[in-house]
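# Structural description and commentary
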Amino acid sequence: MPSTHAELALQLENLLGPGSVLSGAAAERAYDCDAYTVDRSKPTAVVLPESTEDVAKVVRWCNANNVPFTARGAGTGLSGGVLAALGGVIISTKKMTKILEIDVENRCLLTQTGIANKRISEAVKFNGLHFAPDPSSQSVSTIGGNIGENSGGPHTLKYGITVQHILGVTIVDPKGEILKLGGKVAGSPGFDFVGLIVGGEGTLGVVTEAWLKLVPNPKSVATALIAYASIGDATRTVADIIAEGTIPAALEMMDIGILQAVKIAFGLQYPEGTQAMLLIECDGEPDTVVREMEIVQQICNRNHALEIRIAADEAERLRLWTVRKKGIGAMGRIAPSIVTHDGVIPRSRLPEMLDFVYAISAKYRIGVANLFHAGDGNLHPCFYFDDRDPDQIRRVVAAGEDLLSRCVELGGSVSGEHGIGVEKIDLMSLMFSPEDLAFQATAKRIFNDGMLCNPCKVLPNQKTCVEHQKRWRGTAW
């Protein structure tokens, strides 16, 4: 390993060329965490490759010099998945934003993975196609990050999560070899390594290119925003819609905490006495959409809706979506820091779980607001606080552990789409036995049998990482 940070940065710049490396105090501060700000660790340097071959050069150099490396997209992850846990090199994909091929006839597209999710749909909009996975950060979150976390989004309920829309990948493995897995055609014979890599949180290598499945734009879309005087009325509506056999394209819920933040930030108006809102979208053939939205309105009224707004046109539809897409960002008006969880529970336990969320908020004296994918039981409680105060960090971490433990007790999961990262690594044992975790470690070793590629993520008991955990957490910034 180079003896100084400056020497390391110089060697990397010689490898990739001028302007390809960021180092020093400003770079360390900018890249010391993702959107999970509780844990922080400074990288030694940040490299900006432009191609798969550039990435392979960096990974081989890191192996030769025993330097840890971590791939990073936009840094919008919410579990510390791109934390430079043991220092070393951040491989940023911010310059890898080219769409390499669009195959309209076969409804697929090849792209570099540093491109923002939303740009994919924009590129094929006039071909009548789009990329279905749509995390709320899609205007900035990258395809590589979506692949790493197996991201979902509001339209997961009908269209599925990222893994169902990735046909193939180009990956630089932890030793620096370039592998091409899958391709234009889904369901290739042999082992499904693409399915293993999607959701692998960057621990199996650096995904540099991907074949994405595109789906036709719906012929008709109807979007409604419904206000309720109680959380119970809103959650009963969710259960009743699914029980009726209607599967909306999206079925999202926001509580009064989120609504107040969006009102402050964007001027959202809602009826007096509102405690929760549902955003419901149906899409497909025009006759089907009309019928589904009629059923939705009947169920909403049966559950005492205060108001039902249905978008009259595309512009109004986008305004209705503001309350969901901008909700977490709007929380910045309320507090300087936020931890957004994504525990999963059976839909039938929503009322009970939300009561528990508010109870632990009171117990730990931490503010909370809720917005989430109600249709599939994927909760997003947003604990807001000030991460410059170590005591508030301690309380917000404890509240999160209670929350996710309860999700597992109710038959759910510690994560639906945000990943494990470093945030939840100690909670994996709630869901998996030691034998289960050992088997997962065996699967990981197919690609990564060392400690250089995105270390200290997902799987607990990585000995080299234990000594670093106290250093990541609890520091006031």
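The structure under discussion appears in the preceding block.
Residues numbered from 1 in each chain as written. Predicted model: local features only at pLDDT ≥ 70, side-chain atom pairs only at ≥ 80, totals over all residues. Heavy atoms only, no water.

Within the protein chain, the secondary structure is distributed over 17 helices and 18 strands. For 477 residues, the compact-globule estimate of 2.2 N^0.38 gives 23 Å, and the C-alpha radius of gyration of the protein chain, at 22 Å, lies within 12% of that figure. Here the C-alpha coordinates of the protein chain stretch approximately 70 × 55 × 45 Å along the principal axes. Going through the 477 residues of the protein chain one by one, you find that 56% of them count as buried. In the protein chain, 73% of the contacts between residues at least 6 apart in sequence involve partners at least 24 apart. About 19,600 Å² of surface is accessible on the protein chain, with carbon and sulfur atoms providing 52% of the total. If you average the places of the 46 positive and of the 54 negative side-chain charges in the protein chain, the two averages end up 3 Å apart. (Helix = DSSP H or I, 4+ residues; strand = E, 2+ residues; numbered from the N terminus. Rg over C-alpha atoms; globule rule 2.2 N^0.38 Å. Buried < 20%, exposed > 50% of the residue type's maximum accessible area, 1.4 Å probe, protein only. Contact = heavy atoms within 4.5 Å. Areas by Shrake-Rupley, 256 points an atom, 1.4 Å probe, with all protein chains shown as cover. Lys, Arg positive; Asp, Glu negative; His and termini not counted. Charge placed at Lys NZ, Arg CZ, Asp CG, Glu CD.)

We now examine the packing of helix 8 (residues 231–243) against helix 13 (residues 350–364). The packing of two helices is summarised by the inter-axis angle and the distance between the axes. Where helix 8 contacts helix 13, the axes come no closer than 9 Å and their chain directions differ by 145°. Once helix 8 is placed against helix 13, the crossing between them reads as right-handed. Counted together, Ile231, Thr235 and Val238 of helix 8 and Leu350, Pro351, Leu354 and Tyr358 of helix 13 form the full contact between these two elements. For the contact of helix 8 with helix 13, the residue count by class is six nonpolar, one polar and no charged. (Axes fitted to C-alpha atoms, helices over the stretch in contact; angles between N-to-C directions. Left-handed = near helix turned anticlockwise from the far one by under 90°. Nonpolar A, V, L, I, M, F, W, Y, C, P; charged D, E, K, R; others polar.)

Attention now goes to the sheet that holds strand 2 (residues 45–47). Read across the open sheet, the four strands follow the order 1-2-4-3; overall the sheet is mixed. Bordering the open sheet on either side are strand 1 (21–22) and strand 3 (69–72), each of which pairs with just one other strand. The pairing of strand 2 with strand 4 (residues 89–92) spans three bridges and is classified as parallel. Paired with Val47 across the strands is Ile91, a residue of strand 4. This element, helix 1 (residues 5–16), spans strand 1, strand 2 and strand 4 of the sheet and lies at about 10° to strand 2. (Pairing = 2+ DSSP bridges.)

By the element assignment, Lys424 lies in the loop between helix 14 (390–409) and helix 15 (434–445). From its side chain, Lys424 meets the backbone oxygen of Gly419 in a polar contact 3.2 Å long. What Lys424 contacts, discounting residues up to four positions off in sequence, is Asp342, Leu404, Val414, Ser415, His418 and Gly419. (Polar contact = N/O pair within 3.5 Å; in protein donor to acceptor, adjacent residues only side chain to side chain.)

On to the environment of Gly187. Structurally, Gly187 can be placed in the loop between strand 9 (178–182) and helix 7 (193–197). Residues Gly187 and Leu167, 20 residues apart in the sequence, show an inter-C-alpha distance of 8.3 Å.

Bringing the state of the cysteines into the picture now. Applying the stated criterion across every chain, the model contains one disulfide. Here Cys456 pairs with Cys465 through a disulfide, and the sulfurs are 1.9 Å apart. Every disulfide takes its handedness from the sign of the S-S torsion; for Cys456 and Cys465 that torsion is -85°, giving left-handed. As far as the burial class goes, Cys456 and Cys465 line up, both buried. Summary of cysteine pairing: Cys33 is not part of a disulfide, and the nearest cysteine sulfur, belonging to Cys456, is at 16 Å. The thiol of Cys62 is not disulfide-bonded; the next cysteine sulfur, from Cys453, is found 9.9 Å away. Overall, the relative accessible area of 0% leaves Cys62 in the buried class. (Disulfide = S-S within 2.5 Å.)

We now examine the packing of helix 13 against helix 14. Remark: helix 13 packs on helix 14, axes separated minimally by 10 Å, with the N-to-C direction vectors making an angle of 160°. Taken together, the axes of helix 13 and helix 14 lie roughly antiparallel to each other. Both helix 13 and helix 14 take part in a crossing whose hand is right-handed. On helix 14, the residues touching Glu352, Met353, Phe356, Val357, Ile360, Lys363 and Tyr364 of helix 13 are Arg395, Ala398, Ala399, Asp402, Leu403, Arg406 and Cys407. (Parallel < 35°, antiparallel > 145°, perpendicular 65-115°, else oblique.)

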